[in-house]
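Chain by chain, the residues:
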Amino acid sequence: MIDAKKILEIISAIAKKIEAEKNFLTQLDNEIGDGDHGINLARGFKSVEEKLPSLADKDIGAIFKGVSMQLVSTVGGASGPLYGTAFMKAGNVCKGKMELTAEEFVAAIEAAVNGVKMRGKAVEGEKTMLDALCPAYKAIKAGIDCGKNLIDALNDGVDAAAAGVEYTKTIIATKGRASYLGERSIGHQDPGATSSLFMLQTALEVLRRE
Amino acid sequence: MVGIVIASHSQKLSEGVIEVARMMAENAPLAAAGGMENGDLGTSYDKILNAIDKVYSDDGVVILADMGSAVMTAEMVLEDIEYENIKILNCPLVEGAILAAMESVEGRDLEDLAERVETAHPSKKLMDD
Ligand SMILES: Nc1ncnc2c1ncn2[C@@H]1O[C@H](COP(=O)(O)OP(=O)(O)OP(=O)(O)O)[C@@H](O)[C@H]1O
Ligand SMILES: [Mg+2]
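Considerations on the coordination of the magnesium ion (ligand 2)
The protein atoms donating to the magnesium ion (ligand 2) are Asp 29 of chain A (OD), Asp 34 of chain A (OD) and Asp 36 of chain A (OD), with metal-donor distances spanning 2.0 to 2.2 Å. Here the donor residues of the magnesium ion (ligand 2) share one chain and are spaced in sequence as D-x4-D-x1-D.

Next comes the structure, spelled out in structure tokens:
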């Protein structure tokens, strides 16, 4: 079970993590993009953090929706509408809920990942955040389906996302700015996949705190 | 007349595209949505929304975007406002804007304008393949 308070903690921790990794994410984006991924996301999550107090007693759907709106209106790069759509779709699934069962958590992640696919018109294997998110979702779902608790399943998800980030080093980008580099994008890890991994890692850390 | 929004990563680019489109259609309802609120490069949800507002009429609006977040952000604006008569066009930005502006002042309706701009392939610059 994850309650709304825990969700707020996770989001606040993600905001701090993104701020801490801002330069690293930006440097990754310098190599195969326009060098703003960390700056974009840090700006977005700073505004999310400022919004959090007003979401304090809201249900999880409303919290995710609030996060989405802040990201969409402040990020300024592709990760804005992409993560914005992810949180919006997760919000739809969690509408009115003050807590989530493991199954509901899986459904929220599924909706989020499908949202990114829809918004980016992208699939796994194109060197984007989906190369972290899709394997993570599959691992989490597989874990829950075979009876693991949420923390263990999420741990599998984080491992799968980390492997996905490594995988992005080996493939050519076919979506987003990095696709302009063609073969020269090989050897570099995708910034968006990396920020997705950070978000999942942070969620796991917060759930482990208890 | 169908309104035209030029959504791009840079206000200068959006205004430049409009400048060039006006060479052929001085009175076309064009609005720029370029860069972010503070002038940085990127795309702004609010700027796109405001630009739509500026040129909206019952005739509808078309949005031309440069790439990436400009397209995705425009999509999100459209999903939120739920107007049936606003469309994102699949076309090159400069040539598409010129064509759209000309068709708009001609009084072309939204569907017809969209079809003409999207099928014109105006980015082909050299005559032989
Ligand atoms: N079409 C897409 N589908 C899925 N993910 C994408 C897509 N385009 C970009 N991305 C992800 O977004 C990341 C880049 O985010 P960033 O905020 O730097 O956007 P950007 O490319 O600078 O945006 P812009 O479109 O404004 O140029 C990439 O590393 C990739 O993971
Ligand atoms: Mg970038």
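Considering the site of ligand 1
Contacts to ligand 1 come from 25 residues, most closely from Ser 79, Arg 177 and Asp 190 of chain A together with His 9 and Ser 69 of chain B. More than one chain reaches ligand 1: the nearby residues come from chains A and B. Ala 78 of chain A places a main-chain nitrogen or oxygen 2.8 Å from an oxygen atom of ligand 1. One of the side-chain N or O atoms of Arg 177 of chain A is found 2.3 Å from an oxygen atom in ligand 1. Mapped onto the shell around ligand 1, the elements with two or more residues apiece are helix H3 (37-51), helix H5 (79-93) and helix H9 (191-209) of chain A together with helix H3 (69-81) of chain B. Sorting elements by how many residues they give to the shell around ligand 1 places H9 of chain A first, with three residues. In the shell around ligand 1, the residues fall into seven nonpolar, twelve polar and six charged.

Overview of the interface of chain B and chain A
Opposite the 13 residues of chain B that make contact, chain A presents 17 residues. For the chain B and chain A pair, buried surface summed over both sides reaches about 1300 Å², with 58% attributable to carbon and sulfur atoms. Contact with chain A buries area across many residues of chain B, yet Met 67, Met 72 and Met 76 of chain B alone supply 42% of it, more than any other trio. Between the two partners, chain B and chain A, sit three salt bridges.

Scoring rules and cut-offs
Each chain has its residues counted from 1, following the order in which its sequence is written. By the order in which they are written, chains take letters starting at A while ligands take numbers starting at 1. It should be noted that, the model being predicted, local features are given only for residues of pLDDT at least 70 and side-chain atom pairs only at 80 or more, the latter also being counted only at that level, while totals for whole chains, interfaces and linings use all residues. Note: side-chain values were computed over all heavy atoms of the structure, leaving out hydrogens and water. In this analysis a donor is any N, O or S atom within 2.8 Å of a metal ion (3.2 Å for sodium, potassium and calcium), and since water is not included, sites may seem incomplete. What makes a residue near a molecule or strand is one non-hydrogen atom of that residue sitting within 4 Å of it. As used in this structure description, the phrase polar contact means that two N or O atoms lie within 3.5 Å; if the pair is within protein, one of them must be able to donate a hydrogen and the other to accept it, and residues adjacent in sequence are counted only when both atoms belong to side chains. Each helix corresponds to a stretch of at least 4 residues labelled H or I by DSSP, and each strand to a stretch of at least 2 residues labelled E; elements are numbered beginning at the N terminus. Three categories are distinguished: nonpolar for Ala, Val, Leu, Ile, Met, Phe, Trp, Tyr, Cys and Pro, charged for Asp, Glu, Lys and Arg, and polar for the others, with Gly belonging to the last. Residues count as neighbours in contact if any of their non-hydrogen atoms are within 4.5 Å of one another. Buried surface area refers to the total accessible area, computed with a probe of radius 1.4 Å, that the two partners give up upon joining, counted for both partners together. Only one rule defines a salt bridge in this text: a Lys or Arg side-chain nitrogen within 4 Å of an Asp or Glu carboxyl oxygen.

Purely geometric stuff here, so don't read any function into it on its own.
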